[in-house]
Structure formats: structure tokens, C-alpha cells
Amino acid sequence: MSIRTKVACILFSLAAAAFVTLPAPAQVSSAAKAQLGSRTAREGFINETQIRDKFNSWREDADARAWLTKMGYRPSEIESVTAIKPHNDKSDVVVTITSGGKTFREGISIKLVSGENGFNQIDKRWLSHYRRMWSMPPPVESALSLFVGERPPDRPSRRPERMFLSELSNEEKRAVIDFFETNRSRILRDIFAGDGPNRANWLLIAKRSAAGRESAIFQIEKAIEFFGTGKIEITRAGNLRIGRITVQRKGGDAGRETARMLQFKINPMEMLRKAN
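In this text the structure is predicted, and so the values were computed from the model without any measurement. (Residues numbered from 1 in each chain as written. Predicted model: local features only at pLDDT ≥ 70, side-chain atom pairs only at ≥ 80, totals over all residues. Heavy atoms only, no water.)

Quick notes on the overall build of the protein
Where we set the bar: Each helix is a run of DSSP H or I of at least 4 residues and each strand a run of E of at least 2, with the numbering of both proceeding from the N terminus. Exposed residues in this analysis have more than 50% of their type's maximum accessible area, buried residues have under 20%, and partly exposed residues fall in between, with area computed by a 1.4 Å probe over protein chains only. The accessible surface values rely on the Shrake-Rupley method and a 1.4 Å probe; as for residues, cover is taken only from the protein chains in view.
Scanning the protein from N- to C-terminus turns up 10 helices and 10 strands. Put simply, the protein has 276 residues, and 41% of those count as buried. Accessible area of the protein: about 15,200 Å², with a carbon and sulfur share of 52%.

Put into C-alpha cells, the structure is as follows:
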């Protein structure tokens, strides 16, 4: 074997050894999962499933017992608690409580935040759905269709695909504001509580952060009053504000059709700060 060949073999062997000692993708994944699990434990509330599980473990879970107490139940008198996650309902978790020989069903809407400005969506639908729900008159639907971009701008606008409410005529602006003012109670009830067997009776706000966790649960009527009370107006950004609620075009979604949906958003931290 020539010297050149021997050198090539040695280099190949060294490269192979270096290759096999590199961490395997599965090993990296396992370490990442372990780190994620540790972070999850520190941060506390992560998702609705965890909160459901906390209710199901209410005997051992101090948070769940505190929530049940706030909801008017005495833990010492509770016989059983069963929590489930329904699908496509206002309630993220439905809790069935047996106490004093009676059974009660409580729907809970959950908002998870991780910072002081943790804006959360409370409702999002196609404009046509809201039109049917609230018997929206044609002038209002027409104005909002320009706002969400279902119709392209019919006059100068700062965006080619849609218009902002601030760019509409005074007559159109007034029609939109008057509609939401006249129907305020119904609209707020629908976007916060919904209807049917899984309507929300409670709003649970949970903050998750590396520094710790905090939470509070409120009657849905109190949440509606807190967020929905105040002036209805068009903002400088061209959206609609109802009290502490922002009404906007959903946007995003890489330009897909769903970007044109109408969206209602709140900052749950505003109410959590007040409670704590």
C-alpha cells in the first residue's frame, strides 16, 4: 500500500470516528423535550388541557379549590368534580360539580397570557355569520365588508386590499357606531358567553411566566361589564373600539381568505391586574 493510500485511509477513519460521535437527532430531541418539560413545570399554566386536569384533581390541587370557592362552592361539601373540554364552544372547559346532593354544570372560558399585553381573541367569524346573528343592516355590512377586505377599496386607501374605518365617509362611520351601540348588550353576550348547553358562565384568566403564575376567575357578566363598558369609537389606527374591546380585521394567515374574518380582541391582563 502506498503512503498516499495509507494517509487517505487514516483520514477516512478519523472522519468516520468524528461522525459517529456526533449527537444523534433523537438524543437532541430528548434533551429538548426534557428542557421543555422543566420549563412547563416552572411556568405553571400552559393550556386548557392542564386547567381541565387541575379541576379533575381538585382534591389535591390548591388552584382548583380556590377557583371552586370563588365560584360559590365549599370544597368541604363537594362530592365530585368532572371537567371536560368541549369542541367549538365558548366554554374551553365544562365542569360538572356535585355538592349537597345536587349537580351543577359550569362553563368556563379560559384566557392564557404570558405578558402585560397578552391580547387574546374572544370571537372571530366571517362577516356573513355576524350579519345573520345580529340582523346587520345592509349599510353596516357594506361598510364592514370594505373594512375586512371582502370588497376592494372603492376610494383612496392606505392598503390596496382593504379599507380602514377611519377612511370611510362620516355617514358610514355613524352607521357602524350606531349599530354596535344599539346592539351592544346582545353582541357582548354572544362574543363572551355564547349560547347553548356549553355557554360560558365564567372567565378564567391565567398568567404564565418564568417568574411564577397567577390566576383569577370571574363571572362572565362581570367580564362583559369590565371589557364592554365605555365609549364606542373608531380608533386612530382605523379599527373599532367597544370599551376595552378592539374590533379588527384578522389579517395575517399569509394572505389566505381567513385573513378577512372579523375579530374581537381583549387584553385579559387588564382585568387580572384589577383583581390582584
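The discussion continues.
A closer look at the sheet that holds strand β2 (residues 93–99)
What counts, and what does not: When DSSP finds two or more bridges between a pair of strands, those strands are recorded as paired. Note on geometry: axes are lines fitted to C-alpha atoms, helical ones only across the stretch in contact, with angles between N-to-C directions running from 0 to 180 degrees. Residue contacts are defined here by distance: any two heavy atoms, one from each residue, within 4.5 Å place the two residues in contact.
Taken in spatial order, the five strands line up as β1-β2-β3-β5-β6 in an open sheet, and their pairing is mixed. Of all strands in the sheet, those bounded by a partner on one side alone are β1 (78–84) and β6 (212–219). Sheet twist, expressed as the average angle between the axes of neighbouring strands with direction ignored, equals 25 degrees. Relative to strand β5 (residues 202–209), strand β3 (residues 102–113) runs parallel, the two being bridged by six bridges. Looking at the pairing, K111 lines up with I205 of β5. Packed on one face of the sheet, helix α4 (residues 62–70) meets β1, β2, β5 and β6 and runs near 20 degrees to β6.

Focus on the nonpolar core
Just so we agree on the cut-off: We call a set of buried residues a nonpolar core when its members are Ala, Val, Leu, Ile, Met, Phe, Trp, Tyr or Cys and they connect through side-chain atoms within 4.5 Å of each other.
In terms of nonpolar packing, the biggest core is built from 46 residues, with W134, F180, F192, I245 and F264 touching the most fellow members. The biggest single contributor to this core is helix α6 (residues 138–148), with six residues. Grouped together as the second largest cluster of nonpolar side chains are 21 residues, I78, A83, I108 and L112 included.

A few points about the pairing of β5
By the criterion of burial, β5 is predominantly enclosed, with seven of the eight residues buried. Pairing of β5 with β6, which is carried by eight bridges, proceeds in the antiparallel orientation. Of the residues in β6, the one forming a bridge with I205 is A216. Hairpin connection of β5 to β6: two residues between the antiparallel strands.

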